[in-house]
Amino acid sequence: MSYNVIYAGTFDPITNGHLDIIRKASILFGKVIVAVAKNPSKQPLFSLEERVKLVKQSCAELANIEVVGFSGLLADFAKEQNAKALIRGIRGADDIDYEIQLAQINHKLSGSLETIFFPPSVEWRYLSSTMVREIYRHNGDVSQFVPQAVKNALKFAK
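Residues numbered from 1 in each chain as written. Predicted model: local features only at pLDDT ≥ 70, side-chain atom pairs only at ≥ 80, totals over all residues. Heavy atoms only, no water.

Digging into the UniProt feature "binding site: substrate" (unreviewed entry) in the chain
According to UniProt, the positions carrying the feature "binding site: substrate" (unreviewed entry) are Thr10, Lys42, Leu74 and Arg88. Once residues lying within four places of it in the same chain are set aside, the contact partners of Thr10 are Val36, Ala37, Asn39, Lys42 and Arg51. The residue Lys42 is located in the loop between β2 (31-37) and α2 (48-58) in this model. On the basis of relative accessible area, Lys42 is assigned to the partly exposed category, the value being 44%. (UniProt positions renumbered as here; feature names shortened; annotations may be inferred. Contact = heavy atoms within 4.5 Å. Helix = DSSP H or I, 4+ residues; strand = E, 2+ residues; numbered from the N terminus. Buried < 20%, exposed > 50% of the residue type's maximum accessible area, 1.4 Å probe, protein only.)

Quick word on the packing of aromatic side chains
Considering all chains together, one arrives at three aromatic pairs under this definition. Summarising the aromatic geometry, the rings of Phe70 and Phe77 are spaced 4.7 Å apart at their centres and angled 20 degrees between planes, so their arrangement reads as stacked. Residues Phe70 and Phe77 agree in their burial class; the two are buried. When the centroid spacing of 6.3 Å and the interplanar angle of 85 degrees are considered together, the rings of Tyr126 and Phe145 count as edge-to-face. (Phe/Tyr/Trp six-rings, centres within 6.5 Å; stacked < 30°, edge-to-face > 60°.)

Focus on the pairing of strand β5 (residues 114-118)
The pairing of strand β4 (residues 85-89) with β5 spans five bridges and is parallel. Considered in β5, the bridge of Gly89 is made with Phe118. The handedness of the β4 to β5 crossover, carried by helix α4 (residues 93-110), is right-handed. (Pairing = 2+ DSSP bridges. Right-handed = clockwise from strand over helix to strand, strands pointing away.)

Observations concerning the UniProt feature "domain: Cytidyltransferase-like" (unreviewed entry) in the chain
As recorded in UniProt, the feature "domain: Cytidyltransferase-like" (unreviewed entry) lies at residues 6-134. Measuring from the first to the last C-alpha atom of residues 6-134 gives 27 Å, for a span that is 43% helix and 21% strand.

Topic: the sheet that holds β4
Spatially, five strands are ordered β3-β2-β1-β4-β5 in an open sheet, and the strand pairing comes out parallel. Looking at strand neighbours, the two that pair on one side only are β3 (65-70) and β5, the edges of this open sheet. When the angles between neighbouring strand axes are averaged without regard to direction, this sheet yields 30 degrees. Relative to β2, α2 is tilted by about 150 degrees, and along the sheet it contacts β2 and β3. (Axes fitted to C-alpha atoms, helices over the stretch in contact; angles between N-to-C directions.)

Focus: the environment of Ile87
When you line up the elements, Ile87 lands in strand β4. You can call Ile87 buried: its relative accessible area is 0%. On a C-alpha basis, the gap between Ile87 and Ala25 in space is 7.6 Å, while along the polypeptide they are 62 residues apart. Here Ile87 is in contact with Val5, Ile6, Tyr7, Ala8, Ile21, Ala25, Phe29, Ile116 and Phe118, once residues within four sequence places are set aside.

Section: the environment of Arg88
Within the element layout of this structure, Arg88 appears in strand β4. Judged by relative accessible area, which is 18%, Arg88 ranks as buried. Separated by 15 residues in the primary sequence, Arg88 and Leu73 have C-alpha atoms spaced 16 Å apart.

Digging into α4
With 18 residues, α4 should cover 26 Å at 1.5 Å per step; its first-to-last C-alpha distance of 26 Å lies within 8% of that length. Within the span of α4, buried status applies to Asp95, Glu99, Ala103, Asn106 and Ser110. Buried residues along α4 sit in contact with α3 (74-80), β4 and β5. Where α4 ends, the next residue or the one after it, Gly111, has phi of about 90 degrees, a positive value. (Expected span 1.5 Å × (residues − 1).)

Okay, structure coming up:
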């Protein structure tokens, strides 16, 4: 039996590490909803609409991916989407405590939502959107870390 899962994040911008997790999830689950969070506590490089567009372009070859923007509690969004689980990427030990806290809170808020942790492939273990933004802001080359859609969009950002 297949069911919907959600991979949520700010995706500012989406990286090859995110795509690695999305591809893994798309193999295992019938439908993966990539939920792009508004997150008012962050100062994004791209608007919510731009981030949704970049994720859609980056995932275009994956048939069972749906990309949507959302705001509010992830547990509430998951209920609206009939999702049974959340996908979270864990790069290393630094991520684990925080991700477990999120998993427990989301489970408590929803009453049943589970979290499945995916490690990224070794080549992307160190990668984060924060690092990509920092490299970009210091005029570094981020082309090896992001999909083509992001490379194109960064030419016009700032």
